[in-house]
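# Remarks on the overall topology
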Amino acid sequence: ITPTMIHNKAPKRNNKIIKKLRNRLWFIQKAECAYCNTLILPGLGTLDHIIPRAHGGSFNIKNLLLTCEKCNKIKKDTSIAEFQLPNKLEIISN
(Lines give C-alpha, C1' and ligand atoms only; values in the text may rest on other atoms or scores of the structure.)
Protein backbone atom coordinates (compact mmCIF):
# COMPACT_ATOMS: atom_id res chain seq x y z
CA ILE A 1 0.00 0.00 0.00
CA THR A 2 1.36 3.37 -0.95
CA PRO A 3 1.00 6.67 0.93
CA THR A 4 -1.51 7.78 -1.73
CA MET A 5 -3.93 5.10 -0.51
CA ILE A 6 -3.74 6.23 3.11
CA HIS A 7 -4.93 9.80 2.58
CA ASN A 8 -8.59 10.77 2.40
CA LYS A 9 -8.29 11.83 -1.23
CA ALA A 10 -8.59 9.47 -4.17
CA PRO A 11 -5.46 8.97 -6.22
CA LYS A 12 -5.50 11.23 -9.25
CA ARG A 13 -6.82 8.52 -11.58
CA ASN A 14 -3.62 6.58 -11.18
CA ASN A 15 -4.80 3.49 -13.02
CA LYS A 16 -1.90 1.40 -11.67
CA ILE A 17 -2.96 2.05 -8.06
CA ILE A 18 -6.63 1.46 -8.84
CA LYS A 19 -5.76 -1.77 -10.66
CA LYS A 20 -3.66 -2.97 -7.69
CA LEU A 21 -6.46 -2.18 -5.24
CA ARG A 22 -9.03 -3.93 -7.43
CA ASN A 23 -6.83 -7.01 -7.82
CA ARG A 24 -6.05 -7.18 -4.11
CA LEU A 25 -9.74 -6.94 -3.18
CA TRP A 26 -10.54 -9.52 -5.88
CA PHE A 27 -8.30 -12.03 -4.05
CA ILE A 28 -9.48 -11.03 -0.57
CA GLN A 29 -13.16 -11.34 -1.55
CA LYS A 30 -12.60 -14.55 -3.50
CA ALA A 31 -13.74 -12.94 -6.78
CA GLU A 32 -17.24 -12.16 -5.48
CA CYS A 33 -19.24 -8.96 -5.30
CA ALA A 34 -19.38 -7.82 -1.67
CA TYR A 35 -23.16 -7.32 -1.88
CA CYS A 36 -24.70 -9.97 -4.14
CA ASN A 37 -21.89 -12.58 -4.32
CA THR A 38 -21.89 -12.47 -8.12
CA LEU A 39 -18.65 -13.81 -9.60
CA ILE A 40 -16.41 -10.98 -10.80
CA LEU A 41 -13.94 -11.75 -13.55
CA PRO A 42 -10.30 -10.70 -13.03
CA GLY A 43 -9.74 -7.02 -13.75
CA LEU A 44 -13.45 -6.20 -13.65
CA GLY A 45 -15.70 -4.94 -10.89
CA THR A 46 -15.88 -1.52 -9.30
CA LEU A 47 -14.39 -0.13 -6.12
CA ASP A 48 -17.07 0.91 -3.64
CA HIS A 49 -16.50 2.98 -0.51
CA ILE A 50 -17.90 1.44 2.68
CA ILE A 51 -18.26 4.95 4.08
CA PRO A 52 -18.90 7.03 0.95
CA ARG A 53 -16.46 9.82 0.20
CA ALA A 54 -19.48 12.17 0.19
CA HIS A 55 -19.85 11.30 3.90
CA GLY A 56 -16.16 11.68 4.80
CA GLY A 57 -14.97 8.19 3.83
CA SER A 58 -11.40 7.68 2.70
CA PHE A 59 -9.80 5.99 -0.31
CA ASN A 60 -7.98 3.61 2.05
CA ILE A 61 -8.26 -0.10 1.20
CA LYS A 62 -9.92 -0.63 4.60
CA ASN A 63 -12.80 1.51 3.33
CA LEU A 64 -13.12 -0.20 -0.06
CA LEU A 65 -15.01 -3.20 -1.35
CA LEU A 66 -15.06 -4.81 -4.76
CA THR A 67 -18.58 -4.83 -6.17
CA CYS A 68 -20.29 -5.60 -9.43
CA GLU A 69 -21.28 -2.55 -11.45
CA LYS A 70 -24.99 -3.18 -10.85
CA CYS A 71 -24.69 -3.14 -7.04
CA ASN A 72 -22.43 -0.10 -7.05
CA LYS A 73 -24.94 1.84 -9.18
CA ILE A 74 -27.80 0.91 -6.85
CA LYS A 75 -25.84 1.72 -3.66
CA LYS A 76 -24.61 5.09 -4.99
CA ASP A 77 -23.35 7.24 -2.11
CA THR A 78 -25.29 5.55 0.69
CA SER A 79 -23.59 3.83 3.61
CA ILE A 80 -23.75 0.07 4.04
CA ALA A 81 -26.23 0.61 6.88
CA GLU A 82 -28.54 2.44 4.47
CA PHE A 83 -27.99 -0.13 1.72
CA GLN A 84 -30.02 -2.87 3.36
CA LEU A 85 -31.45 -6.28 2.45
CA PRO A 86 -34.39 -5.00 0.32
CA ASN A 87 -31.86 -3.60 -2.15
CA LYS A 88 -30.00 -6.91 -2.13
CA LEU A 89 -33.20 -8.79 -2.91
CA GLU A 90 -33.94 -6.36 -5.73
CA ILE A 91 -30.50 -7.04 -7.24
CA ILE A 92 -30.89 -10.80 -7.05
CA SER A 93 -34.38 -10.80 -8.58
CA ASN A 94 -33.34 -8.69 -11.62
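Here the structure is a predicted model, which is why all the values come from computation and not from measurement. (Residues numbered from 1 in each chain as written. Predicted model: local features only at pLDDT ≥ 70, side-chain atom pairs only at ≥ 80, totals over all residues. Heavy atoms only, no water.)

When helices and strands are tallied, the protein chain shows 4 helices and 2 strands. Going from N to C terminus, the protein chain has its helices and strands arranged as α-α-β-β-α-α. When the 94 residues of the protein chain are sorted by exposure, 35% land in the buried category. Residue pairs in contact within the protein chain that sit at least 24 positions apart in sequence constitute 52% of those at least 6 positions apart. Put simply, the protein chain shows about 6,300 Å² of open surface, and 58% of that area lies on carbon and sulfur atoms. (Helix = DSSP H or I, 4+ residues; strand = E, 2+ residues; numbered from the N terminus. Buried < 20%, exposed > 50% of the residue type's maximum accessible area, 1.4 Å probe, protein only. Contact = heavy atoms within 4.5 Å. Areas by Shrake-Rupley, 256 points an atom, 1.4 Å probe, with all protein chains shown as cover.)

Now for the packing of aromatic side chains. Throughout the structure, instances matching the rule amount to 1 aromatic pair. Seen from their ring centres, Trp 26 and Phe 27 are 5.0 Å apart, and the 85° between their planes marks the pair as edge-to-face. (Phe/Tyr/Trp six-rings, centres within 6.5 Å; stacked < 30°, edge-to-face > 60°.)

Applying the stated criterion to the full structure yields 2 salt bridges. The closest approach of N and O atoms between Asp 48 and Lys 75, which form a salt bridge, is 3.1 Å. Highlighted residues: Asp 48 in strand 1 (residues 46–49) and Lys 75 in helix 3 (residues 69–75), separated in sequence by 27 residues. Like Asp 48, the residue Lys 75 is buried in the burial classification. Between Glu 69 and Lys 73 there is a salt bridge, and its shortest N-O distance comes to 3.2 Å. In this pair, Glu 69 and Lys 73 both sit in helix 3, 4 residues apart, roughly one turn of the helix. The class for Lys 73 is exposed, based on a relative accessible area of 55%. (Salt bridge = Lys/Arg side-chain N within 4 Å of Asp/Glu carboxyl O.)

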